[in-house]
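Results of the structural survey
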Amino acid sequence: MPQMPEMKPFQITAKIISNKNIKNNYFEIVLLAPQIARNALPGQFVNIKTSEGFEPLLRRPLSIHRIGRQSRVASLESKEGKEIIMLYEVLGKGTQILSQRMQGEFLDVIGPLGNGFNCYPLSAIRYPPILIAGGMGTAPLVFLAERLVHSPQSIVHRKPLVLIGARSESHILCEKEFKELGCEVKIATDDGSRGFKGYVSSLLTEILSTVNCQPSTIYACGPKLLLKEISRISLEQNIPAQLSLESHMACGIGACMGCVIKVKSKKAKGKIDDEYKRVCKEGPVFEAREIAWE
């Protein structure tokens with residue numbers, strides 16, 4: 001996958017505009033961060049210092065969910081967005097502390113970081129893309145859907161199909177946001193409480209079996225097992241796929257080598273060996289065909 005032009009990230013003190021619980025243990029935080037907002041691309045992330053002390057020591061990486069708030073369509077087109085919006089789930093000490101930070105407080109933030117999605121103009125493709133989200137994987141895909149739909153080259157009848165996977169109905173995220181963009185949305189829940197009963201990868205297989213479904217590209221974000229299955233399906237069906245990987249990160253800037261994954265690399269005489277790339281630097285978005293799944 002082509003790398004984005006190297007751009008030095010900003011380290012800023014960002015004011016918290018809001019930080020609210022949206023459902024269960026899921027939160028939405030909005031930060032005033034114009035430098036990051038102007039330069040962020042779908043699939044990139046920020047690294048946030050959740051407390052003012054040394055505990056926890058490591059920052060928390062959060063995907064950029066949206067840019068702007070009241071006029072996010074305008075902000076995408078005019079680069080005037082000043083706010084960055086992130087979703088996160090309270091899972092450990094760092095996110096627990098973050099959930100308690102209040103409006104008007106300030107956070108130390110580094111971003112935008114990483115290599116994001118390659119957004120093909122919808123007018124340049126014959127069939128619409130499919131966006132697949134598992135759990136918190138919805139977070140960066142809303143930003144991506146906005147960019148695809150509101151690109152000056154996009155046209156109405158090629159809006160994306162979005163597949164959302166969740167444990168149950170109460171864990172479904174961002175359905176409303178995707179529908180507001182005009183996307184067709186299909187739901188899969190593990191327990192069958194809403195939509196298709198089963199994994200979202202099984203829903204994808206069912207959709208691809210229909211005669212009229214020929215997606216141009218698959219974009220996906222979610223747990224490793226889901227992305228591994230999406231990768232397998234995309235390769236079998238010969239459909240290009242871009243996958244945003246989740247990983248534990250220490251530095252977030254590629255220095256510590258703590259988030260490496262195996263990728264395929266063609267060597268001399270046609271032999272394919274494994275090498276490693278950093279999720280925080282060369283990723284988090286990778287082409288499905290380059291990942292050497294374990």
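A brief report on the enclosed structure follows. (Residues numbered from 1 in each chain as written. Predicted model: local features only at pLDDT ≥ 70, side-chain atom pairs only at ≥ 80, totals over all residues. Heavy atoms only, no water.)

**Digging into the overall build of the protein**
- Within the protein, the regular secondary structure consists of seven helices and 16 strands.
- Across the 294 residues that make up the protein, the buried fraction comes to 53%.
- For the protein, the proportion of contacts with a sequence separation of at least 24, taken over those separated by at least 6, is 67%.
- Surface exposure of the protein reaches about 14,200 Å², of which carbon and sulfur atoms provide 52%. (Helix = DSSP H or I, 4+ residues; strand = E, 2+ residues; numbered from the N terminus. Buried < 20%, exposed > 50% of the residue type's maximum accessible area, 1.4 Å probe, protein only. Contact = heavy atoms within 4.5 Å. Areas by Shrake-Rupley, 256 points an atom, 1.4 Å probe, with all protein chains shown as cover.)

**Quick word on the sheet that holds strand E9 (residues 161-166)**
- A sheet is described by the order of its strands in space; here seven strands give the open sequence E11-E10-E9-E8-E12-E13-E16, paired in mixed fashion. Edge positions in the open sheet fall to strand E11 (196-197) and strand E16 (285-287), since each of these has one partner strand only.
- Pairing of strand E13 (residues 241-244) with E16, which is carried by three bridges, proceeds in the antiparallel orientation. Its bridge partner being in E16, Ser244 is matched across the sheet by Val285.
- Contacts from helix H4 (residues 138-149) reach strand E8 (130-134), E9 and strand E12 (218-221), with the element oriented near 160 degrees to E8.
- Running at roughly 150 degrees to E9, helix H6 (residues 200-208) makes contact with E8, E9, strand E10 (184-189), E11 and E12 of the sheet. (Pairing = 2+ DSSP bridges. Axes fitted to C-alpha atoms, helices over the stretch in contact; angles between N-to-C directions.)

**Points about the packing of aromatic side chains**
- A complete count under the given rule lists two aromatic pairs for this structure.
- Look at Phe117 and Tyr219: their rings are 5.6 Å apart centre to centre, the planes differ by 85 degrees, and that puts the pair in the edge-to-face class. On the criterion of sequence distance, the pair formed by Phe117 in the loop between strand E7 (106-113) and E8 and Tyr219 in strand E12 is long-range, its members being 102 residues apart. (Phe/Tyr/Trp six-rings, centres within 6.5 Å; stacked < 30°, edge-to-face > 60°.)

**Comments concerning the layout of surface pockets**
- A volume near 1,300 Å³ is recorded for the largest pocket.
- Along the wall of the largest pocket there are 43 residues; nearest its centre are Glu89, Leu91, Met136, Gly137 and Glu246.
- Elements with a minimum of two residues in the lining of the largest pocket: strand E4 (60-63), strand E6 (83-89), helix H3 (93-99), H4, E9, H6 and helix H7 (224-237).
- No other element matches the four residues that E4 contributes to the lining of the largest pocket. (1 Å grid on protein atoms, 1.4 Å probe; cavity = no way out; pocket = protein on both sides within 12 Å on 5 of 7 lines; lining within 4 Å. Points joined across faces, edges and corners; volume = space filled by probe spheres on them.)

**So, the pairing of strand E3 (residues 45-49)**
- With respect to burial, E3 is a largely interior element, four of its five residues being buried.
- Both E3 and E4 contribute to a ladder of four bridges, which runs antiparallel. In the strand pairing of E4, Asn47 is matched with Pro61.

**So, the nonpolar core**
- Membership of the largest hydrophobic core comes to 32 residues, with the highest contact counts inside it found for Ile132, Leu163, Leu204, Ile230, Leu243 and Leu245.
- Elements with a minimum of two residues in this core: E7, E8, E9, H6, E12, H7, E13 and strand E14 (260-266).
- In this structure, Leu87, Ala139, Val162 and Cys183 belong to the second largest nonpolar core, which totals 27 residues. (Core = buried A, V, L, I, M, F, W, Y, C linked by side-chain atoms within 4.5 Å.)

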